[in-house]
Amino acid sequence: MKSSSRILFWWPFLFYGVSAWILKPWSLDFPLNDDWAYALGVRRWVQEGQFHLCDWTTVTQVLQIFWGGLWVKIGGWSQGILKISTLTLAALSALSLDASLRILEIPSRTRLLTVLLWVVNPLTFCLSFSFMTDIPYLFLLLLAFTLILKAEKTGSDRWVWLGSLCAAGAYLIRQTGILIPLGYFSYLVLQRRLSFKKSVALWGLPLLTVLGHGLWFHFIHGPTWSSLHSGPTEAWHTLLRLKTAPVVFLRLLSSGLLLGWMTFPLALAFKVPKISPTWKWGLAAYALASLVFVGLIGWMPQLGRLPYWGNYLTPWGLGVPTLGEVEAKAAGFFGWGIFWRVLTVLSLAGILMNLALWGTLRKPMSSLERAAVHLFLITGFAQWGVAALRDAFFDRYVLALLPGFLIILALASKRHRFRPIPAGVGILMLWGMGFWGTMDYLHWNKARWAAGVAMVQKGLSPDQIANGFEWAGYWSYEKNLAALKQEKPLEKIGRWEWLGSRPYQLRVSFSSENPGHALIHQEPYDTPLSFKKQFLYVWTY
């Protein structure tokens with residue numbers, strides 16, 4: 001291997017290593033978003049020897065708990081070691097994407113920029129410093145894609161078996177892993193190359209995994225709260241509501257905008273392609289682009305803005321703001337109106353260019369390239385469709401579609417003039433947004449947990465402190481749900497009933513003013529979004 005190839009191979013580890021050296025995830029001994037639920041499963045397995053899934057989460061989570069438990073057995077119990085386990089998979093996911101691009105013979109410069117865009121994407125980067133299931137799942141997704149592409153290139157079914165093994169592993173993190181073989185399966189059907197042997201190689205291991213997991217869950221583990229309140233029932237209720245509210249259409253437009261935001265550095269580095277009227281796929285792509293444009297503009301008067309779906313991308317910064325008076329939080333450029341207007345323009349231009357370039361991927365496309373388009377996009381849209389039918393829909397759900405759109409852009413670079421300098425500038429913009437946003441997210445959360453722990457050390461119970469969703473979930477969920485299970489059947493317990501009527505005495509807030517309440521404590525923290533030192537405030541409830 002040439003020295004330049006070695007650098008291209010190892011740079012994701014260097015990138016995440018330097019990021020970790022700055023952000024110090026090993027010192028972040030607290031959960032983020034929903035990852036407290038997976039952390040509880042790891043702790044129970046490692047410390048108590050019981051493999052029990054947390055009732056809160058709807059995903060299978062089995063492999064997630066095994067992965068985290070392996071790291072805890074090596075490094076000892078802490079939330080920080082779980083974050084390092086995710087960072088490792090983030091670097092490996094970048095290598096998997098790079099391997100797919102190598103198989104497709106994408107030039108090294110374009111390949112580097114494409115993978116770089118994947119790792120600096122603010123959602124990908126921020127989630128890499130958590131113990132959420134997104135990054136572990138995406139790693140197995142990308143690895144499965146790489147192995148199946150290898151099978152298409154070499155004609156060897158052993159790579160298909162390995163890819164389906166990754167799909168089976170992905171299912172044990174999230175149920176949508178069963179959809180991973182769908183893209184390549186559809187390609188083989190259209191090419192009239194599907195055989196019984198290939199069908200078994202693609203679907204055998206994932207379907208056996210679904211069966212084995214179902215038998216274990218039903219007969220050994222037992223139902224969880226989420227298994228009785230989500231899944232097909234939730235999707236059916238959502239479909240019924242679509243009669244009066246165009247929920248999925250709005251989510252589609254929002255997802256397009258988010259994909260435009262995540263890919264604009266590469267998309268806008270192309271010149272607008274000319275499409276001949278005889279290119280049916282080109283005309284279809286332009287028609288779709290026009291529909292997206294008209295749809296997005298049509299929603300503006302009703303929403304006052306284009307339809308972003310929050311969770312990680314918010315006007316208060318990057319990440320999930322779970323404390324009260326969030327409007328008092330220092331947000332820096334995230335709070336600027338001009339920032340959101342520029343971001344919207346770039347996002348809209350990015351998705352329109354994506355669709356236009358998609359229309360240029362006509363013949364001559366190699367069989368390998370056609371297989372890649374089917375594999376990445378059909379699988380991605382199938383997973384998006386499942387997520388779109390849930391009650392709650394978050395921006396991070398769009399990440400399953402991102403690899404497909406990156407593949408489209410990489411393939412387009414072989415057909416059109418691609419300007420790397422504008423792409424590099426756009427990537428630098430996203431990197432700044434992701435890095436500073438993640439640093440801010442980690443710092444105020446660290447201060448939040450430090451403030452809560454300081455109050456516990458003064459003699460209060462964690463249940464007496466209103467300190468955000470993760471705090472309540474980590475300290476109280478399993479205990480309170482166990483008490484509720486003694487009172488009523490699991491299916492009769494409401495989603496938020498575990499919170500109960502809580503005897504709060506203190507609450508943590510971003511606001512420095514709370515008339516009628518006494519200030520008990522203030523916890524300082526630094527953020528790159530402000531030149532001034534910031535504080536979280538603990539008030540009497």
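Description of the structure in this document. (Residues numbered from 1 in each chain as written. Predicted model: local features only at pLDDT ≥ 70, side-chain atom pairs only at ≥ 80, totals over all residues. Heavy atoms only, no water.)

Next up on the list: the nonpolar core. The biggest cluster of nonpolar side chains holds 149 residues, and the ones touching the most others in it are Trp-36, Trp-118, Trp-261 and Met-262. Element by element, the count of residues in this core is highest for helix H18 (residues 420–457), at 14 residues. Leaving out residues up to four positions away in the same chain, Met-262 has contacts with Leu-117, Asn-121, Leu-123, Val-398, Leu-399, Leu-402 and Leu-430. Leu-53, Val-62, Ile-65 and Phe-131 belong to the second largest nonpolar core, which has 12 residues in total. (Core = buried A, V, L, I, M, F, W, Y, C linked by side-chain atoms within 4.5 Å. Buried < 20%, exposed > 50% of the residue type's maximum accessible area, 1.4 Å probe, protein only. Helix = DSSP H or I, 4+ residues; strand = E, 2+ residues; numbered from the N terminus. Contact = heavy atoms within 4.5 Å.)

Below, the discussion takes up the packing of aromatic side chains. Within the structure shown, the criterion is met by 47 aromatic pairs. Measuring from centroid to centroid gives 5.5 Å for Trp-56 and Phe-469, while their planes differ by 50°, and the two rings are tilted. Of the two residues, Trp-56 is situated in the loop between helix H2 (35–48) and helix H3 (62–75) and Phe-469 in helix H19 (residues 469–487); the sequence distance between them amounts to 413 residues. Exposure class is identical for Trp-56 and Phe-469. Each is buried. Each member of the aromatic cluster is reached from another via a ring pair, and the members are Trp-11, Phe-15, Tyr-16, Phe-125, Phe-129, Trp-431 and Phe-435. In this arrangement the basic side chain of Lys-73 is found over the ring face of Trp-45, its NZ or CZ atom lying 5.1 Å from the centre. The ring of Trp-496 carries the charged tip of Arg-495 above its face, separated from the ring centre by 5.8 Å. (Phe/Tyr/Trp six-rings, centres within 6.5 Å; stacked < 30°, edge-to-face > 60°. Lys NZ or Arg CZ within 6 Å of the ring centre and 35° of its normal.)

So, about the pattern of salt bridges. Counting across every chain of the model gives 17 salt bridges. The closest approach of N and O atoms between Arg-111 and Asp-98, which form a salt bridge, is 2.9 Å. Taken together, the residues Arg-111 in helix H5 (residues 108–120) and Asp-98 in helix H4 (residues 79–103) connect sequence positions 13 residues apart. Looking at Arg-111, the relative accessible area reads 7%, which means it is buried. Residue Asp-98 is classed as buried on the basis of its relative accessible area, which comes to 5%. Across the pair Lys-198 and Asp-157 runs a salt bridge, and its minimum N-O distance is 3.0 Å. With a gap of 41 residues between them, Lys-198 in helix H10 (residues 196–221) and Asp-157 in helix H8 (residues 157–171) connect regions that are remote in the sequence. A relative accessible area of 14% means that Asp-157 is categorised as buried. Among the ionic contacts, a cluster of salt bridges with common partners joins Asp-98, Arg-102 and Arg-111. (Salt bridge = Lys/Arg side-chain N within 4 Å of Asp/Glu carboxyl O.)

Tallied over the full model, the rule gives one cavity of 30 Å³ or more. Size it by volume and the largest cavity reaches roughly 30 Å³. Along its surface, the largest cavity is lined by Trp-316, Gly-317, Leu-318, Gly-319, Pro-321, Lys-329, Asp-440 and Trp-444. Those elements that provide at least two residues to the lining of the largest cavity are strand S2 (317–318) and H18. Its residues assigned to classes, the lining of the largest cavity shows four nonpolar, two polar and two charged. (1 Å grid on protein atoms, 1.4 Å probe; cavity = no way out; pocket = protein on both sides within 12 Å on 5 of 7 lines; lining within 4 Å. Points joined across faces, edges and corners; volume = space filled by probe spheres on them. Nonpolar A, V, L, I, M, F, W, Y, C, P; charged D, E, K, R; others polar.)

Turning next to the sheet that holds strand S5 (residues 519–525). Strand order in the open sheet made by the four strands is S3-S4-S6-S5, with mixed pairing throughout. Both outer strands of the open sheet, strand S3 (465–466) and S5, are each paired with one neighbouring strand and no more. Two elements, strand S4 (residues 506–509) and strand S6 (residues 534–540), share four bridges in a ladder whose sense is antiparallel. In the sheet register, Leu-506 faces S6, and the bridge partner there is Thr-540. This element, H18, spans S3, S4, S5 and S6 of the sheet and lies at about 145° to S5. (Pairing = 2+ DSSP bridges. Axes fitted to C-alpha atoms, helices over the stretch in contact; angles between N-to-C directions.)

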